[in-house]
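An overview of the molecular structure
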Amino acid sequence: MATKIDKEACREAYNLVRDDSTNVIWVTFKYNGSTIVPGEQGTEYQSFIQECTDDIRLFGFVRFTTGDAMSKRVKFALITWIGENVSGLQRAKTGTDKTLVKEVVQVILPLTHDNNHHSSSDSRPPMLHCCLSHHSST
């Protein structure tokens, strides 16, 4: 069965992260059967890390702040999470399904991570690297 996405609901969740007037800094997009829907959302990055478990695949949209005291900038990342225990067929479908998520989420900084291909030499932002290395088996 072809994957679908609940565009309206996912766009609302995406807009919460983009909106400067909310405290929401991340949202997940998960699979409900063959439909991608908004999952959890939160105000603390550690909570997002806990969503990235070994037995699921999800997409995360995360806001983070860079810069120094004189010049702070908000950046966004779209993360594709594929846990270690996800089947080969689901792994393959995730790449195609990401196209559906990109139709909803317009990202400034796209990043993808497959847990089986983690390298300590990654040049990801430190906060994102922290999240992804949390589940690394190396």
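Keep in mind it's a predicted model, so treat the numbers as computed, not measured.

Looking now at the side chain of Ser34. Mapped onto the elements of the fold, Ser34 is located in the loop between strand 2 (26-32) and strand 3 (35-42). In this view, Ser34 contacts Met1, Ala2, Thr3 and Lys4; residues no more than four positions away in its chain are not counted.

Attention now goes to helix 1 (residues 7-18). Relative to the 16 Å expected for 12 residues at 1.5 Å per residue, helix 1 spans 16 Å between its end C-alpha atoms, a close match to the ideal helical length. All buried positions along helix 1 are accounted for by Cys10, Ala13, Tyr14 and Val17. End-on, the buried residues of helix 1 take up no more than an arc of 100°, which puts them together on one face. In this fold, the buried residues of helix 1 make contact with strand 1 (4-5), strand 2, strand 3, strand 4 (57-68), strand 5 (71-82) and helix 3 (88-104).

So, about the packing of aromatic side chains. Tallying each qualifying case throughout the model produces five aromatic pairs. Residues Tyr31 and Phe59 carry aromatic rings whose centres are separated by 6.3 Å and whose planes lie at 45° to one another, so their mutual orientation is tilted. Of this pair, Tyr31 sits in strand 2 while Phe59 sits in strand 4, placing them 28 residues apart in sequence. Of the two residues, Tyr31 and Phe59, both sit in the buried class. Ring centres of Tyr45 and Phe48 lie 5.9 Å apart, and the angle between their planes is 40°; on these two criteria the pair is classed as tilted. Placement of the pair is Tyr45 and Phe48 together in helix 2 (residues 45-51), with a separation of three residues, close to one helical turn. For Phe48, a relative accessible area of 0% translates into the label buried.

Basis of the calculations
Residues numbered from 1 in each chain as written. Predicted model: local features only at pLDDT ≥ 70, side-chain atom pairs only at ≥ 80, totals over all residues. Heavy atoms only, no water. Helix = DSSP H or I, 4+ residues; strand = E, 2+ residues; numbered from the N terminus. Contact = heavy atoms within 4.5 Å. Expected span 1.5 Å × (residues − 1). Buried < 20%, exposed > 50% of the residue type's maximum accessible area, 1.4 Å probe, protein only. Arc of directions from axis to C-beta. Phe/Tyr/Trp six-rings, centres within 6.5 Å; stacked < 30°, edge-to-face > 60°.

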